[in-house]
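Summary of structural features
Given next are the chains, with one letter for each unit.
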Amino acid sequence: MQTGDLGVIDARGHLIFAGRQAEVIDVAGLNVYPAQIEAAALSLPGITDAVAFAVPDPVAHQRPALAYSGDIAEARLDAHLAALLSPRQRPVRLVRLPALPRGANGKIARRALAETLSEAPA
């Protein structure tokens, strides 16, 4: 049975969850995992929530974007991410929101948020 979950086996033989196949961002044929971008953002004190998602790109097919909440200026978050992420992982758009929308199950509504923010002007 295929679940769409992605993972890797580490040196100790433990399965490490890497994300869902449907959420992988295709940057010029290279896979970018939203969880890695979100973890980098959440490592900055003051960021309370973060969700990465794909936005269309005419050259690279897709590029990552990041919606976040917290009392951090966009420039500070951008510099933090630049220090931790590769150029293909670095979000091309940062969107600060008072709170990230969540579904009834408490999970961030990634697809709905991505659709809404992809349609909004940058």
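If you're wondering where the values come from, they're calculated on a predicted model, not measured in any experiment. (Residues numbered from 1 in each chain as written. Predicted model: local features only at pLDDT ≥ 70, side-chain atom pairs only at ≥ 80, totals over all residues. Heavy atoms only, no water.)

All buried positions along helix α2 (residues 74-84) are accounted for by Leu77, His80 and Leu81. Take α2 and look down its axis: the buried residues cluster within an arc of 95°, on one side only. Of the exposed residues in α2, the ones pointing more than 90 degrees away from its buried face are Ala75 and Ala83. The secondary structure elements touched by the buried residues of α2 are α1 (34-42), β5 (47-57), β6 (61-70) and β7 (93-96). (Buried < 20%, exposed > 50% of the residue type's maximum accessible area, 1.4 Å probe, protein only. Helix = DSSP H or I, 4+ residues; strand = E, 2+ residues; numbered from the N terminus. Arc of directions from axis to C-beta. Contact = heavy atoms within 4.5 Å.)

Under the criterion given, the structure shown has four salt bridges. Notably, a salt bridge pairs Arg102 with Asp49, separated by 2.5 Å at the nearest N-O pair. Of this pair, Arg102 sits in the loop between β7 and α3 (110-119) while Asp49 sits in strand β5; the two residues are 53 residues apart in sequence, bridging distant segments of the chain. A salt bridge links Asp78 to Arg90; the nearest nitrogen and oxygen atoms lie 2.8 Å apart. On the criterion of sequence distance, the pair formed by Asp78 in helix α2 and Arg90 in the loop between α2 and β7 is long-range, its members being 12 residues apart. (Salt bridge = Lys/Arg side-chain N within 4 Å of Asp/Glu carboxyl O.)

What follows concerns the pairing of β5. Inspection of the sheet shows β5 paired to β6 by 10 bridges, in the antiparallel sense. Across the sheet, the residue bridging to Val55 is Arg63, located in β6. Two successive antiparallel strands, β5 and β6, enclose a turn made up of three residues. (Pairing = 2+ DSSP bridges.)

Before going further, it helps to spend a moment on the pairing of β7. As paired strands, β6 and β7 are joined by four bridges and run parallel to one another. Across the sheet, Ala65 pairs through a bridge with Arg93, a residue of β7. Read as a crossover between parallel neighbours, the route from β6 over α2 to β7 is right-handed. (Right-handed = clockwise from strand over helix to strand, strands pointing away.)

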